[in-house]
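Reading the structure
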Amino acid sequence: MEILNALALLTNFLVIPALAYGSQLALGALGVTLIYGILRFSNFAHGEMMAFGTMLVILVTWVFQAQGISLGVLPTELLALPFGILGAVLLALGTDRIVYRFHRVKKSPPVIFLIVSLAVMFFYSGLTRFIIGPADRSMGDGARFIFTAREFKEWSGLDEGIALRTTQGITVVVTLLCVAALFWFLNRTRAGKSMRAYSDNEDLALLSGVNPERVVLIAWILAAALATIAGTMYGMDKTFKPFIYLQLLLPIFASAIVGGLGSPIGAVAGGFVIAFSEITVTFAYKRVLTYLIPGDYAPDGLVQLLSTEYKFAVSFVILVVVLLVRPTGIFRGQSV
């Protein structure tokens, strides 16, 4: 029973949160890796695109709630999500038309695109804060838990319980659906095959009749949609604060690079590697060890390698190590 209690603790405070967080990072990293695979530059505005799309979801949610429209036990944000995606897609396409297309026609080097994306990032950031402000915004409605720790204790007879929040379950399910839909699109549809061909060899794809502007259009649509979904899932699971999405840019890029920048499979794998690493290193193991070690030898401290304030530092360290040891990431040679 002691081992089962320890496992329940780990599942409740480490495994489930890491699965939800990893799903959010995976969706964010997929958007980054799609843009890199097609346009060959790192889009630093991706985090603020997540914030902008999530902001639109919140605004539409408030309108629905004011009208008495809801999904019952499910969060109303799911009903507002398509509107947020639409707004983010329009913003991304407008930005590409006004900003990125000019440099694409001039065939500017990737470093110019990167610098331009920094300017776009500041513009998105200011726009989001101007509309909704810098304060925290709670996104919670609907049923809070799929099952509670008390219900699990009554069912299992253990001293420690496992709780699964509705937002955590929705995050994992939505991520599975999005990843499955994206891989089906890339591998089964003509447009998806055109994107893969363009990513593998741009010149050969152009000779084969692939329309580059159409490929770029689809890439921005997918990236904006994934950014909005990732941002909304993160906001529902935790809280919405515009600045936090800028901080999320580091673990998102770390996820994409660890998995292999330009590889959708790598983005998903990298997201979970980063999430489990961050939470494992910052988790306090004292209560777990009290079940596994005799009372006289039980630790007095938290048995925590790093404080939770240094969570993002874990992403940075992993990113540096991967760049030094295996710069191509886990899935070397992969592409969109």
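Residues numbered from 1 in each chain as written. Predicted model: local features only at pLDDT ≥ 70, side-chain atom pairs only at ≥ 80, totals over all residues. Heavy atoms only, no water.

**Describing the nonpolar core**
- The biggest cluster of nonpolar side chains holds 92 residues, and the ones touching the most others in it are Tyr 21, Ile 38, Met 49, Met 195, Trp 220, Tyr 245 and Leu 248.
- Residues within four places of Leu 248 in sequence aside, it is in contact with Tyr 21, Leu 25, Met 50, Tyr 234 and Phe 312.
- Ala 8, Ile 16, Leu 158 and Leu 164 belong to the second-largest nonpolar core, a separate cluster that totals six residues. (Core = buried A, V, L, I, M, F, W, Y, C linked by side-chain atoms within 4.5 Å. Buried < 20%, exposed > 50% of the residue type's maximum accessible area, 1.4 Å probe, protein only. Contact = heavy atoms within 4.5 Å.)

**Regarding unusual backbone geometry**
- You will see that Arg 40, though not glycine, has its phi angle at about 60°, which is positive.
- Residue placement: Arg 40 occurs in the loop between α1 (2–39) and α2 (46–66).
- Arg 40 gets classed as partly exposed once you look at its relative accessible area, which sits at 37%.
- The backbone phi angle of Lys 107 is positive, close to 55°, even though this residue is not glycine.
- Here Lys 107 lies in the loop between α3 (77–105) and α4 (110–132). (Helix = DSSP H or I, 4+ residues; strand = E, 2+ residues; numbered from the N terminus.)

**Structural notes on the layout of surface pockets**
- Its volume calculated, the largest pocket comes out at about 410 Å³.
- Lining the largest pocket are 20 residues, and of these Leu 39, Arg 104, Lys 107, Tyr 198 and Glu 202 lie nearest its centre.
- A class-by-class count of the residues in the lining of the largest pocket yields ten nonpolar, four polar and six charged. (1 Å grid on protein atoms, 1.4 Å probe; cavity = no way out; pocket = protein on both sides within 12 Å on 5 of 7 lines; lining within 4 Å. Points joined across faces, edges and corners; volume = space filled by probe spheres on them. Nonpolar A, V, L, I, M, F, W, Y, C, P; charged D, E, K, R; others polar.)

**Regarding α3**
- In α3, a bend of some 45° at Asp 96 exceeds every other bend along the element.
- Once α3 finishes, Lys 107 follows within two positions and takes phi at roughly 55°, a positive value. (Bend = angle between axes of the 7 residues up to and from the residue.)

**Focus: the pattern of salt bridges**
- Applying the stated criterion to the full structure yields seven salt bridges.
- In this structure, Arg 287 and Glu 160 form a salt bridge, with 2.6 Å as the shortest nitrogen-oxygen distance. Of this pair, Arg 287 sits in helix α13 (residues 286–292) while Glu 160 sits in the loop between α5 (149–156) and β2 (164–165), and the two are 127 residues apart along the sequence.
- With a closest N to O distance of 3.1 Å, Lys 238 and Asp 237 form a salt bridge.
- Judged by its relative accessible area of 36%, Lys 238 falls in the partly exposed class.
- For Asp 237, a relative accessible area of 8% gives the class buried. (Salt bridge = Lys/Arg side-chain N within 4 Å of Asp/Glu carboxyl O.)

**Overview of the confidence of the model for the protein**
- On average, the protein scores 91 in pLDDT, and the residues at 70 or more come to 98%.
- When the elements of the protein are averaged for pLDDT, helix α8 (residues 202–207) gives the smallest value, 84, and α3 the largest, 96. (pLDDT = per-residue confidence, 0-100.)

**Some thoughts on the packing of helix α12 (residues 264–282) against helix α14 (residues 311–325)**
- Interhelical geometry of α12 versus α14 gives an angle of 125° and a closest axis separation of 9 Å. Overall, the two elements α12 and α14 adopt an arrangement that is oblique. When the axes of α12 and α14 are compared, the crossing they make is right-handed. Between α12, through Ile 274, Ser 277, Glu 278, Val 281 and Thr 282, and α14, the contact on the second element is made entirely by Lys 311, Phe 312, Val 314, Ser 315 and Ile 318.
- Tallied by class, the residues present in the contact of α12 with α14 amount to five nonpolar, three polar and two charged. (Axes fitted to C-alpha atoms, helices over the stretch in contact; angles between N-to-C directions. Parallel < 35°, antiparallel > 145°, perpendicular 65-115°, else oblique. Left-handed = near helix turned anticlockwise from the far one by under 90°.)

**Looking at a nonpolar patch on the surface**
- On the surface, Phe 316, Val 317, Val 320, Val 321, Leu 324 and Val 325 cluster together into a nonpolar patch covering about 590 Å² of accessible area.
- Inspection of the secondary structure puts Val 317 in helix α14.
- For Val 317, a relative accessible area of 48% puts it in the partly exposed group. (Patch = residues over 30% accessible without salt bridge, like charges linked within 9 Å, V, L, I, M, F, W, Y side chains within 5 Å. Areas by Shrake-Rupley, 256 points an atom, 1.4 Å probe, with all protein chains shown as cover.)

**Digging into the environment of Gly 231**
- One can find Gly 231 in helix α9 (residues 212–237).
- Note on Gly 231: relative accessible area 0%, which makes it buried.
- Each C-alpha atom, one on Gly 231 and one on Leu 127, is 16 Å from the other, the two residues being 104 residues apart in sequence.
- Setting aside residues no more than four positions away along its own chain, Gly 231 makes contact with Met 50, Thr 54 and Tyr 245.

**Considerations on the packing of helix α6 (residues 166–188) against α9**
- Running from amino to carboxyl end, α6 crosses α9 at an angle of 170°, the nearest separation of the two axes being 9 Å. It follows that α6 is roughly antiparallel to α9 by the angle criterion. In this structure, α6 contributes Thr 167, Gln 168, Ile 170, Thr 171, Val 174, Cys 178, Leu 182 and Phe 185 to the contact, and α9 contributes Ile 218, Leu 222, Leu 226, Ile 229, Met 233, Met 236 and Asp 237.
- Each residue belonging to the contact of α6 with α9 can be placed in one class, and the counts come to eleven nonpolar, three polar and one charged.

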